[in-house]
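# Report on the structure
These are the residues of each chain, in order.
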Amino acid sequence: MTRPPFTVSGSDELAYLSEGLMDLIGGRLDGAGPLRTVDPRAVLGSGQDLQGADLARSAVVAASVGAGRFVTGQVIGAPGGISISARMHDVGLIDPARHPRHRRGPG
């Protein structure tokens, strides 16, 4: 499982949460049942900028480092609080044909 950086909006003061939550969630999910996390350095070493990436690009990068799943998330800052959401996606269920720039394999 890979974890692209979370999308953060609402306040520049929350920018640290982008990668911080990625690490926190990865640490909590690693070993939960059959889940194993991919070393974040492998994802960063892929040369892909995943900040704000669409699902197809995230799926391609996850597959390239041997992950079958990836997590996306969002942090929204508002006066008086923040909202945090995360979703797990199965690489095999993302249709790269909908995003031809990020198609896997030849073609």
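The following paragraphs examine the structure supplied in this document.

Conventions used here
Residues numbered from 1 in each chain as written. Predicted model: local features only at pLDDT ≥ 70, side-chain atom pairs only at ≥ 80, totals over all residues. Heavy atoms only, no water. Helix = DSSP H or I, 4+ residues; strand = E, 2+ residues; numbered from the N terminus. Expected span 1.5 Å × (residues − 1). Buried < 20%, exposed > 50% of the residue type's maximum accessible area, 1.4 Å probe, protein only. Arc of directions from axis to C-beta. Contact = heavy atoms within 4.5 Å. Pairing = 2+ DSSP bridges. Core = buried A, V, L, I, M, F, W, Y, C linked by side-chain atoms within 4.5 Å. Polar contact = N/O pair within 3.5 Å; in protein donor to acceptor, adjacent residues only side chain to side chain. Axes fitted to C-alpha atoms, helices over the stretch in contact; angles between N-to-C directions.

## Observations regarding helix 1 (residues 17–29)
- For helix 1, which comprises 13 residues, the first-to-last C-alpha distance of 17 Å matches the rise-based estimate of 18 Å (1.5 Å per residue) to within 8%.
- Burial in helix 1 covers these residues: L17, S18, L21, M22, I25 and G26. Angular distribution of buried residues about the axis of helix 1 spans 160°; they occupy a single face of the element. Across helix 1 from its buried face, at more than 90 degrees, point the exposed residues L24 and G27.
- Here the buried face of helix 1 lies against strand 1 (7–9), strand 2 (69–78) and strand 3 (81–90).
- Just past helix 1, the residue G31 takes up positive phi, approximately 90°.

## Remarks on the pairing of strand 2
- The pairing of strand 1 with strand 2 spans three bridges and is classified as parallel. Residue pairing for strand 2: T7 is matched across the bridge by Q74.
- In terms of strand pairing, strand 2 meets strand 3 through 10 bridges, oriented antiparallel. Its bridge partner lying in strand 3, G73 is registered against A86.
- Connecting strand 2 to the antiparallel partner strand 3 that follows it, the hairpin turn spans two residues, and G80 within it adopts a positive phi of roughly 90°.

## Some words on the nonpolar core
- Judged by nonpolar contacts, V38, V43, A56, A59, V61, A62, A67, F70, V91 and I94 together constitute the single largest core of 10 residues.
- With four residues, helix 3 (residues 55–64) is the single largest residue contributor to this core.

## Section: the side chain of T72
- Relative to the helices and strands, T72 is located in strand 2.
- Of note is the side chain of T72, whose polar atom sits 2.8 Å from the side chain of H89.
- Contact partners of T72, with chain neighbours within four places excluded, come to L55, S85, A86, R87 and H89.

## A short note on the sheet that holds strand 2
- Read from one edge to the other, the open sheet built from three strands follows the order 1-2-3, with strand pairing classed as mixed. Every other strand in the sheet has two partners, leaving strand 1 and strand 3 as the edge strands with one partner each. Across the sheet, the mean angle separating the axes of adjacent strands is 10° when strand polarity is ignored.
- Sitting on the sheet, helix 3 touches strand 2 and strand 3, and the angle it makes with strand 2 is about 135°.

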